[in-house]
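Below, each chain spelled out in residue letters.
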Amino acid sequence: MTRIYVAGHRGMVGGAILRQLEARSAAGEDITPVTATHSELDLTHQSEVRDFMADEQPDVVILAAAKVGGIHANNTYPADFIYENLMIECNVIHQAYAAGVQRLLQLGSSCIYPKAAAQPMAEDALLTGPLEPTNEPYAIAKIAGIKLCESYNRQHGTDYRSVMPTNLYGPGDNFHPENSHVLPALIRRFHEARQHGRAQVVLWGSGTPRREFLHVDDMANASLFIMDLDKATYDANTNPMLSHINVGTGEDITILELARMVARVTGYDGHITTDPSKPDGTLRKLMDVDRLADMGWRASIDLEEGIAQTYRWFLDHRHGLRG
């Protein structure tokens, strides 16, 4: 029996991973998912994590727990973002090692790459230039997570891996009107615009920046695919000092095209306009996913169908959402 601890199982990504692990267990695989809520285990407290690992004795750890947020939250609470994420990574990775865990998968973020990285962003762009200032503390913490995994592998012979997803969306997303990311924010805005009969929806910026979006169920599937790879295959496609793997679709879309897609899904038939006086942000953020494709995995969920699925989830859960 393989015991797999999913840290962050109540988050969007951790929840998707847990659902897939439970489905595999129900189908007869000899695995047991292990979880703990924040009230049961505070991952920023070293002693709590040490005791949990010693008591539960997981065979595999999937680190999907993190403090996350949009530009506003990152700008307002930079100390919280770097401190909490560093503590979570240090505690989980070190205490997993101390408890004898040989296999660990750490989830990061595409914000690890330099602001001016060539597009699409390949894994070897890491640490080649300055980061985006608005989320630099969070990005530094995520880079530290990669280097923690690599360092334990080099010194202790563990098999700790890292995956870097592009922009994620799907069931369990944050639809808060101020703190959410662009796709869930657009879903909520167009839904409310249709509800209230608004004649137009105004997008910040020119609408021309391009973004890549990956459904969280695809991310969960990719995470388990990478976790299940034999060590020889993983090592052959990475190197000890650059071991992380990008996860994305390899395709992007303009914000204006995305807004039109969300309007179709939500049934909004008013006008969509842009406000070029507002900032655009980075003009393009696309992941190079050739490494993962060469290993045998590609995303399978079409963006518009994924948005429709996410909108159905939003409709079913909107009365319990924050904001």
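Residues numbered from 1 in each chain as written. Predicted model: local features only at pLDDT ≥ 70, side-chain atom pairs only at ≥ 80, totals over all residues. Heavy atoms only, no water.

**Topic: the overall build of the protein**
To keep it simple, the criterion reads: By the criteria applied, helices consist of DSSP H or I runs no shorter than four residues and strands consist of E runs no shorter than two, each listed in order from the N terminus. Atoms counted for the radius of gyration: C-alpha only. Globule rule: 2.2 Å times the number of residues to the power 0.38. Burial classes: relative accessible area under 20% of the type maximum marks a residue as buried, over 50% as exposed, and values in between as partly exposed (1.4 Å probe, protein chains only). In this description, contact between two residues means that some pair of their heavy atoms is separated by no more than 4.5 Å. Reported accessibility uses the Shrake-Rupley method at a 1.4 Å probe radius. Residues are deemed covered only where the shown protein chains occlude them. Asp and Glu count as negative and Lys and Arg as positive, but His and the ends of the chain are not part of the count. We put the charge of a Lys on NZ, of an Arg on CZ, of an Asp on CG and of a Glu on CD.
Each helix and strand in the protein was counted, giving 11 helices and 13 strands. Here the protein has a C-alpha radius of gyration of 20 Å; the compact-globule value for 323 residues is 20 Å, and the two agree. Across its three principal axes, the protein shows a C-alpha extent of roughly 60 × 40 × 40 Å. Classification of the 323 residues of the protein by burial places 50% in the buried group. Considering only residue pairs separated by 6 or more positions, the protein has 82% of its internal contacts joining residues 24 or more positions apart. Surface summary for the protein: the accessible area is close to 14,800 Å², and the carbon and sulfur share equals 49%. Across the protein, the 29 positively charged side chains and the 41 negatively charged ones have centroids separated by 5 Å.

**Quick notes on the pattern of salt bridges**
Defined as follows: By definition, a salt bridge exists where a carboxyl oxygen of Asp or Glu is found within 4 Å of a side-chain nitrogen of Lys or Arg.
On inspection of all chains with the given rule, the structure shows 16 salt bridges. Among the ionic pairs, Glu192 bridges to Arg188, the shortest N-O distance being 3.0 Å. On the criterion of helical spacing, the pair formed by Glu192 and Arg188 is a turn pair, its members being 4 residues apart in helix α6 (residues 182-195). Within this structure, Arg24, Glu29 and Asp228 form a network of salt bridges that share partners.

**Description of the nonpolar core**
The cut-off we apply is this: For our purposes a nonpolar core is just a set of buried Ala, Val, Leu, Ile, Met, Phe, Trp, Tyr and Cys residues, chained together by side-chain atoms within 4.5 Å.
Ranked by size, the top nonpolar core spans 30 residues in total, and within it Ile17, Leu21, Ile62, Leu107, Met219, Ile226 and Val247 carry the most contacts. Those elements giving two or more residues to this core turn out to be β1 (2-7), α1 (12-26), β3 (60-63), β4 (103-107), α7 (216-228), β10 (245-247) and α10 (290-295). Not counting chain neighbours up to four residues away, the residues in contact with Leu107 comprise Val13, Ile17, Ile62, Leu63, Ala64, Lys142, Val163, Met219 and Ser223.

**Observations regarding the packing of aromatic side chains**
Selection rule: In this analysis, rings of Phe, Tyr and Trp, with Trp reduced to its six-membered ring, are considered paired at centre separations within 6.5 Å, and the interplanar angle assigns stacked below 30 degrees, edge-to-face beyond 60, and tilted for intermediate values. By the criterion adopted, a ring carries a charge over it if an Arg CZ or a Lys NZ lies within 6 Å of its centre and within 35 degrees of its normal.
According to the stated counting rule, one finds 7 aromatic pairs in the structure shown. Residues Tyr311 and Phe314 carry aromatic rings whose centres are separated by 6.3 Å and whose planes lie at 15° to one another, so their mutual orientation is stacked. Placement of both Tyr311 and Phe314 in helix α11 (residues 303-317) is noted, with a separation of 3 residues, approximately one turn of the helix. Of the two residues, Tyr311 and Phe314, neither departs from the other in class, the shared state being buried. Site record: aromatic cluster; members linked through ring pairs are Phe175, Tyr311, Trp313 and Phe314. The ring of Phe81 is capped by Lys67, whose NZ or CZ atom sits 5.2 Å from the centre of that ring. Lying across the ring of Tyr234, Arg161 places its NZ or CZ 4.4 Å from the centre.

**Thoughts on the state of the cysteines**
Put simply, the test is: Disulfides are defined as cysteine sulfur pairs within 2.5 Å.
Tallied over the full model, the rule gives 0 disulfides. With no disulfide of its own, Cys90 lies closest to Cys149 among cysteine sulfurs, the gap being 11 Å. With a relative accessible area of 32%, Cys90 lands in the partly exposed category.

**Considering the packing of helix α2 (residues 46-56) against helix α4 (residues 78-98)**
Note the cut-off: To obtain each axis, a line is fitted to C-alpha atoms, and for helices this fit is confined to the stretch in contact; angles are then taken between N-to-C directions over 0 to 180 degrees. Crossing handedness is defined as follows: a turn of the near helix away from the far one that is anticlockwise and smaller than a right angle gives a left-handed crossing, while the clockwise case is right-handed. Charged means Asp, Glu, Lys or Arg here, nonpolar means Ala, Val, Leu, Ile, Met, Phe, Trp, Tyr, Cys or Pro, and polar covers whatever is left, Gly included.
Look at α2 against α4: their axes get within 9 Å of each other, and the N-to-C directions meet at 35°. In the crossing of α2 with α4, the sense of the turn from one axis to the other is right-handed. Where α2 abuts α4, its residues Gln46, Val49, Arg50 and Met53 lie against Asn91, Val92, Gln95 and Ala96. Residue composition of the contact of α2 with α4, grouped by class: 4 nonpolar, 3 polar and 1 charged.

**Overview of the sheet that holds strand β11 (residues 253-254)**
What counts, and what does not: DSSP bridges decide pairing: two strands pair if at least two such bridges lie between them.
Spatial ordering of the open sheet is given by β11-β8-β13, a layout of 3 strands whose pairing is mixed. Edge strands, defined here as strands with exactly one partner in the open sheet, are β11 and β13 (284-285). Pairing of strand β8 (residues 210-211) with β13 involves 2 bridges; the strand directions are parallel. Paired with Arg210 across the strands is Arg284, a residue of β13.

**What to know about helix α5 (residues 136-156)**
Keep this limit in mind: Here the expected span of a helix is defined as 1.5 Å times the quantity of residues minus one.
The end-to-end C-alpha distance of α5, which contains 21 residues, comes to 29 Å, matching closely the 30 Å that a straight helix rising 1.5 Å per residue would cover. Following α5 by one or two positions, Gly157 has its phi on the positive side, about 75°.

Interpretation note: all reported values are geometric properties and have no functional meaning in isolation.
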